[in-house]
Each structure stands twice: as structure tokens, then as C-alpha cells.
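Residue-level structural notes
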Amino acid sequence: MTFASLGLIEPLLRAIDTLGYETPSPVQGQAIPAVLAGRDLMAAAQTGTGKTAGFALPLLQRLTLEGAQVASNSVRALVLVPTRELAEQVHESFRQYGQFLPLRTYAVYGGVSINPQMMKLRKGVDLLVATPGRLLDLFRQNAIKFNQVQTLVLDEADRMLDLGFAEELRSVYAALPKKRQTLLFSATFSESIRLLAGQTLNDPLSIEVSPRNVAASSVEQWVIPVDKKRKSELFLHLLRERKWGQVLVFAKTRKGVDALCEELEAEGVSVDGIHGDKPQATRQRALDRFKAREVQVLVATDVAARGLDIDDLPLVVNLDLPIVAEDYVHRIGRTGRAGAKGKAVSLVCADEVQLLAAIEVLTRQTLRRVDEPDFEPDHRVPQTDASGQVLKKPKKPKTTGSKAALGRWVESESAPAKPQVKSVRNVPSFNTGPKKKKP
Ligand code: AMP
């Protein structure tokens, strides 16, 4: 299959070529023809599968070939995303894919001044990427009208619901033209999302390119049991001992992010942090610096977990496990993208055993445990497995000399984990061809 055989027009093919994409990914192969044909879509796509191009390419084509010119304060296609970072990222993808097309695209989100956004919308934009809250603000202030909207995309729809945007989504729906195309994308499909889909989609084509809620098979995952109070010490130890390169670290709370940043900084590690309390410009700068490899460690709360695409990120560390098991899939999806291999290490303390069990049930695998010599916990983490069982009496850990333990570690770092997932046959892979060029 080629991009040309999917029926894409020449300016889009040229843009794809400059990015170095050779073959459509599985989600693209299915989504592009369906969206071009005007169908509604409900797509469950793993993180890093290329789903953005799956909707962006056909959408840009339809906007180019169909419909009237955009009126002032109007928009022809609307893409809703849960976070500001994702809004910027998705908009950047639209810019890249649409670089040879005469379309106006723009992104609006909260945390920054609304006035420049109102000014920009005056002329009208063909495609608008937006977070739901700011979009409604703009709508209520008459800065934007929805009567020209022909396509609505919900990206990371489950995350939008998790973040409490259900009410905003309902208000946006109420204001949109009834006759429109709706595309719903989500990495995980909870029951509430299926319900939402049932209410908003019209005879949708269902696409599921990966088993539900299974983490990317390209990510090797393991757990290191440790006492809660020694987590940051263990992280620093591993960073140095394993000579880790760039690492994205997830912490549960904003305070946790700040605390780890401070500790690492004091030890001379180049580190930055992002969480919801920081101003948008600071968050974006931290992300940009990390992407540009100006900082080695980026510490984040789950605000950064979804959708962010960081080239060649080799390692994700969970300093704390996420409260919501689905977030684990999203966090580790930041690595092992576009066919590359990645690693995800979780530092787990006894308090987190239920969270660990929930993750193992969701991802249908028992995560391998690797003790780190000198960091074996006093409060042992009870055994868990993919059935959700937590064994009350943990087995005594084998006493291993540091040499044996090191051997196990080396092996565990290089040998891929054997997930006890029944089928990973449908997990997509890319033929990326030559390394894609960044603009
Ligand atoms: P996404 O899942 O949309 O965030 O995309 C993940 C990464 O895959 C991004 O860096 C894209 O630029 C890249 N990508 C998307 N489609 C392709 C493709 N067909 N071939 C190679 N890389 C791709």
C-alpha cells in the first residue's frame, strides 16, 4: 500500500515525502479512505501509530477540494484535544502535512491571553485545533461561529472525559450543525467513550489496530520494588549507574515533580519539570528544551502523558504509578514510537500494589520485577499477576549477590519482556524508511 494508492492529492504526497514517510501505518491505511469518503469514524489506535496523519491528511484534502470559503469568525473543521501541549503538537502536524496547501489553520487553548486568539479568528480559519474550555469561551464571546463546521475530530477522547470535559463537550455538540462528519480517536476505549460514540457518531466505521488497552509491544517494561522514601535516591542511582540518556519521568503530584527536580538539580543533573500549576509558556519551553535535548530529564505529571511525540525517546520512568491504570499505557507510549524500541521502568513501593495489579489486569501482563541491589525494600511489594490477584504474603526475595543481580539486570535490559498477552498480532509497525526529517 502507498499513500498515492489511498487517493491523496499531490501537495499532500509531496509533504509526506519531505517528512520521509514511506508506507501508510495500519491506522492510516484504514482511516484515510474512510475519512475521504465522508464517513464517521471510531478509531482505537495505539499511541505512536500515526493516528494524527490518519485524520489530518484526509481532512486537509477535503477542506481543499470541498466546501465554501471560510467566512469571518468561522471555522470549517474543528479538532478537539485534551491538553494545550497536544493542541500545539497536533497543529504542528497539520502545518507540516498542509505545507503546500492554501489553508488557514490555527490552535487555541487556555492558559494564554484570549485576545490574540480573537483577533486571529476574525478572518476565519479553515481548521482549528482547540481545547474544549477555551473553545467555549471564544464561542460565548462570539469570537467563533460553528455554522460552517463540516467535520469534528475528537482526539484522545477518553482523556477529555477523564479530565472532566464531558460538560464542555456536550455544550460544543449542542452548538454544532447536526449534519457533519465526526471522527473519534482514542488510545483506550472505556465504556463511557463507547456511550459517547453511540450518541454522536452516525454509522461509524470502527477501526481497532491494536488489542484494547495493550501497551505497545515495542516497549520493554519492568518494575523495580523500592521503599517509597528511597525512590528519588534510586532514580538518581540508576541514572548514573546505567548511564541513562534522556529520560521522561512521571510523578503523581505537582509537588512530587518539583521535589524531584530540586533534588536532581542539586546533584547537577540537567532537569526540567512540567505540571498544571506552571504557566503555559513555561511548560512549552520545558518541553521544547527536552525535545531539543538541552535537558536530560523531564519530570511531568500526567498532563504530559498523552499524545506528546518526542523523537527517539528511549526511556520512560514511572517514579510513581498512575492512579488511573489507562494512564500507564499512555505514559509508556511516549517511548517505542513509530516502530522504535523503548523501555519503561516503574519504581513501585508497597503502597502501590493495588495500582500495579490494576495495570497488570488492564494490560494483560505480569510485569517483570527486578530487584536493585542495596535498594531492596523493607516494606515488600506483594506479588501480583495479570488476573488481578494480590498475594497477601509475599514470597521472600531470593538473596542474590550483587554480581548475580547485575547479570539479571543486564539480561533484563536487553532481552525483551515476554508479555502474557494472548495476541499482539495486530500491533502495527512502521516501515519508516530513511529517518524522517524534522522541519
Ligand atoms: P502519532 O501517533 O500520530 O503521534 O505519530 C507518531 C509518530 O509517527 C510521529 O512522529 C509521526 O511523525 C510518525 N509517523 C506518522 N505516520 C508515519 C508513517 N506513515 N511513516 C513513518 N512515520 C510516521
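Residues numbered from 1 in each chain as written. Predicted model: local features only at pLDDT ≥ 70, side-chain atom pairs only at ≥ 80, totals over all residues. Heavy atoms only, no water.

Quick notes on the sheet that holds strand 9 (residues 247-250)
The sheet built from 7 strands is open, its strands ordered 10-11-9-12-13-8-14 with parallel pairing. A single partner strand is all that each edge strand has here, and the edge strands are strand 10 (271-274) and strand 14 (368-369). With 4 bridges joining them, strand 9 and strand 12 (residues 315-318) adopt parallel strand pairing. Looking at the pairing, Val-247 lines up with Leu-315 of strand 12. (Pairing = 2+ DSSP bridges. Helix = DSSP H or I, 4+ residues; strand = E, 2+ residues; numbered from the N terminus.)

Some details on unusual backbone geometry
Phi at Asn-73 takes a positive value of approximately 55 degrees, unusual for a residue other than glycine. Mapped onto the elements, Asn-73 comes out in the loop between helix 3 (51-65) and strand 2 (75-80). Unlike most non-glycine residues, Arg-364 shows phi in positive territory, near 50 degrees. The exposure class of Arg-364 is partly exposed, given its relative accessible area of 37%. (Buried < 20%, exposed > 50% of the residue type's maximum accessible area, 1.4 Å probe, protein only.)

Quick look at the UniProt feature "domain: DEAD-box RNA helicase Q" (unreviewed entry) in the protein
As annotated by UniProt and renumbered to match this structure, "domain: DEAD-box RNA helicase Q" (unreviewed entry) occupies residues 1-29. Annotation note: span residues 1-29, helix share 48%, strand share 0%, distance between end C-alpha atoms 8 Å. (UniProt positions renumbered as here; feature names shortened; annotations may be inferred.)

Considering the sheet that holds strand 1 (residues 41-44)
In spatial order, the strands read 3-4-2-5-6-1-7; together these 7 strands make up an open sheet with parallel pairing. Looking at which strands have only one partner, the edges of the open sheet turn out to be strand 3 (105-108) and strand 7 (205-208). When strand polarity is set aside, the average angle formed by the axes of neighbouring strands in this sheet is 15 degrees. Bridging between strand 1 and strand 6 (residues 181-186) involves 4 bridges; their strand directions are parallel. By the bridge assignment for strand 6, Ala-43 is matched with Phe-185. Those strands touched by helix 9 (residues 191-200) are strand 1, strand 5 (151-154) and strand 6, and its axis lies near 170 degrees from that of strand 6. (Axes fitted to C-alpha atoms, helices over the stretch in contact; angles between N-to-C directions. Contact = heavy atoms within 4.5 Å.)

Focus on the packing of aromatic side chains
For the structure on display, the rule yields 5 aromatic pairs. Taking the centre distance of 6.1 Å and the plane angle of 65 degrees together, the rings of Tyr-21 and Tyr-97 count as edge-to-face. Within this pair, whereas Tyr-21 is found in the loop between helix 1 (10-19) and helix 2 (26-36), its partner Tyr-97 is found in helix 4 (residues 84-97), the two being separated by 76 residues in sequence. Overall, the relative accessible area of 24% leaves Tyr-21 in the partly exposed class. You can call Tyr-97 buried: its relative accessible area is 5%. With centroids separated by 6.1 Å and ring planes inclined at 45 degrees, the aromatic side chains of Phe-55 and Phe-94 adopt a geometry described as tilted. Here Phe-55 is found in helix 3, whereas its partner Phe-94 is found in helix 4, with 39 residues between them in sequence. Comparing Phe-55 with Phe-94, the two get one shared label, buried. Here the aromatic residues Phe-55, Phe-94 and Phe-185 are joined through ring pairs into a cluster of three or more. Of note, Arg-14 hangs over the ring of Phe-100, and the distance from its end group to the ring centre comes to 4.3 Å. (Phe/Tyr/Trp six-rings, centres within 6.5 Å; stacked < 30°, edge-to-face > 60°. Lys NZ or Arg CZ within 6 Å of the ring centre and 35° of its normal.)

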